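Residue-level listing of the chains:
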Amino acid sequence: MITPIVRQREPATPAYAERVPFKVYTQRDIDRIEALQGLSDAQRFEMKVVSSVLPFRVNQYVIDELIDWNNIPEDAIYQLVFPQRDMLAPGHFERIAGLIRAGADKAELEAAITEVRAELNPHPADQMAMNMPLDAEGNRLDGLQHKYRETVLFFPSQGQTCHSYCSFCFRWAQFVGDKDLRIASSEATQLHDYLRAHTEVTDVLITGGDPMVMKTSHLANYLEPLLEPEFDHIQTVRIGTKALTFWPHRFLGAPDADALIELLERLVEAGKQVAIMAHYNHWKELEPEAAQAAIRRIRSTGAVIRAQGPLIAHINDDPAVWARMWQAQVRLGIVPYYMFVERDTGASRYFEVPLLRAWEIYREAMQQVSGLARTARGPSMSASPGKVEIQGVAEIAGEKVFVLRFIQARNPDWVQRPFFAKYDEHATWLDGLEPAFGERWFWQDEYDALRQEKLAAAE
Ligand code: SF4
């Protein structure tokens, strides 16, 4: 029996209870964004070229509250949302720019864009082939991913966009309108049937895009049934979001903000652990008053906010940025959770950081903060076999190596077993590393067999 928790809900302050209009700009609107008027035509053209391949979306709150326009293009949040020319390889850039300049017809341009996108590894870590579960008849369940035993990811179709897009987004393929590249479902029944049949699952992660773009009523359709006794095995409801950065008014004065807060309260009071998995890259995201008011309001429901985000060149490849961000999070009652390595997809050529540097940044940042901020794990690669953490560099039997471990893995038995890679100061991802002290990773044979099995089943 779980005793209901009675809490005083943080009221939205009158200023935030007011409705702030949500105004959004996409690729077609680049010339209409007032703040960009200071750029040259050539610079705006570059943005249009890049954003014809990779998704672009920004809203007025981000433009007004988060970007220091006196410091562009270096400003971290400007880099976080606005496309930069070097995000595309020179060959890709020139190809698309040439077609646009020549006034190529729509079909020719679209075909070229599709080809370029296909070369940007749209579904890293075998997401499409290996993570999508099958039903009893062997049909693929769109909109679900079940990679780790305890956790199921659900991609509601109403949540497959974000209030702004991150320029480095690893799920960019979700946003480019190509149905083959989308993972989404609006099937609440499918989610519930799957969870009913899989009592080993303890955690559901509602993800996207950003589920917080959905109306509260949609979110409630997915989540409220989980309060029934048949779902007692679901202990934790996680919601992945960047709305605390991109649109904190979602939790304050938005039309159904109160309903959202009440929904979180109901889940908590019914005994679920509710974790808001907030995506943060920079301490600047935590500074606006609205962002802090939204954090307070969520925390007043009893939900926990955990912070995670990738380490990204041009945005946060600096230990001081991470240390200041983690400290600010702890001060605001947020639990630092993960530092990820930028995935090998989309514009990774522009944003990736070598693993060695990533580990150095993590270590130097950790050295600057107190124990409460040292809850962030990383740097971690969400690779196909599992989440691989770089624990450090060591010298073993005269050989310099990376020490690695699985934080999470397709086979739970692999978790927390240290393993070693040859030292490589340029590698940026697991597949760029080679095993040390042997020819193969300890998990390789088992992983290869699992992969073959999954690929065969998915055909
Ligand atoms: S919030 Fe997440 S899903 Fe949305 S654009 Fe950023 S990285 Fe992508």
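Everything here concerns the structure above.
Residues numbered from 1 in each chain as written. Predicted model: local features only at pLDDT ≥ 70, side-chain atom pairs only at ≥ 80, totals over all residues.

A short note on the overall build of the protein
Alright, step 1. Summing up its helical and strand segments, the protein has 16 helices and 13 strands in all.
Alright, step 2. In terms of overall dimensions, the protein has a C-alpha envelope of 65 × 60 × 50 Å along the principal axes.
Alright, step 3. Per-residue burial for the protein yields a buried fraction of 41% across its 459 residues.
Alright, step 4. In the protein, the share of contacts with a sequence separation of at least 24, taken over all contacts with a separation of at least 6, comes to 74%. (Helix = DSSP H or I, 4+ residues; strand = E, 2+ residues; numbered from the N terminus. Buried ≥ 20, exposed ≤ 12 C-beta atoms within 10 Å, placed from the backbone. Contact = placed C-beta atoms within 7 Å.)

Things to note about the nonpolar core
Alright, step 1. With 117 residues, the main nonpolar core has Phe154, Ala294 and Ala358 as its most contacted residues.
Alright, step 2. Sequence-distant contacts of phenylalanine 154, defined by excluding residues within four places in its chain, comprise Gly143, Leu144, Leu191, Val204, Ile206 and Tyr222. (Core = buried A, V, L, I, M, F, W, Y, C linked by C-beta atoms within 7 Å.)

Examining the site of the ligand
Alright, step 1. Inspection of the region around the ligand gives Cys162, Tyr165, Cys166, Cys169, Arg171, Gly208, Gly209, Asp210, Lys242 and His279 as its neighbouring residues.
Alright, step 2. Tallied by class, residues from the shell around the ligand come to four nonpolar, three polar and three charged. (Near = placed C-beta within 6 Å. Nonpolar A, V, L, I, M, F, W, Y, C, P; charged D, E, K, R; others polar.)

Notes on unusual backbone geometry
Note: most peptide bonds trans; most residues except glycine with negative phi.
Alright, step 1. Isoleucine 72 connects to proline 73 through a cis peptide bond whose omega is 10 degrees.
Alright, step 2. Its location among the elements puts proline 73 in the loop between α3 (60-66) and α4 (76-81).
Alright, step 3. For histidine 314, which is not glycine, the phi dihedral falls at a positive 75 degrees.
Alright, step 4. With respect to the secondary-structure elements, histidine 314 resides in the loop between β8 (304-311) and α13 (319-331).
Alright, step 5. Judged by the 20 C-beta atoms lying within 10 Å of it, histidine 314 falls in the buried class.
Alright, step 6. One non-glycine residue with positive phi stands out, namely glutamine 416, at about 70 degrees.
Alright, step 7. Along the chain, glutamine 416 turns up in the loop between β12 (399-409) and β13 (419-422).

Let's talk about the packing of helix α2 (residues 41-53) against helix α5 (residues 90-101)
Alright, step 1. Look at α2 against α5: their axes get within 10 Å of each other, and the N-to-C directions meet at 110 degrees. It follows that α2 is roughly perpendicular to α5 by the angle criterion. Between α2, through Val49, Ser52 and Val53, and α5, the contact on the second element is made entirely by Phe93, Ile96, Ala97 and Ile100.
Alright, step 2. Tallied by class, residues from the contact of α2 with α5 come to six nonpolar, one polar and no charged. (Axes fitted to C-alpha atoms, helices over the stretch in contact; angles between N-to-C directions. Parallel < 35°, antiparallel > 145°, perpendicular 65-115°, else oblique.)

Points about the sheet that holds β13
Alright, step 1. Here we have eleven strands laid out as an open sheet, ordered β3-β4-β5-β6-β7-β8-β9-β10-β11-β12-β13, and mixed in their pairing. Taken across any chain shown, the strands that pair with only one partner, and hence form the sheet edges, are β3 (144-148) and β13. The sheet shows a mean angle of 30 degrees between the axes of neighbouring strands, taken without regard to direction.
Alright, step 2. Sheet topology places β8 next to strand β9 (residues 335-341); six bridges connect them, and they run parallel. Paired with proline 310 across the strands is phenylalanine 340, a residue of β9. (Pairing = 2+ DSSP bridges.)

Points about the environment of arginine 377
Alright, step 1. Relative to the helices and strands, arginine 377 resides in strand β10 (residues 377-382).
Alright, step 2. As for arginine 377 and phenylalanine 437, which are separated by 60 residues in sequence, their C-alpha atoms are 26 Å apart.
Alright, step 3. Not counting chain neighbours up to four residues away, the residues in contact with arginine 377 comprise Tyr338, Glu389 and Ile407.

Keep in mind that these numbers describe shape and distance, not what the molecule does.
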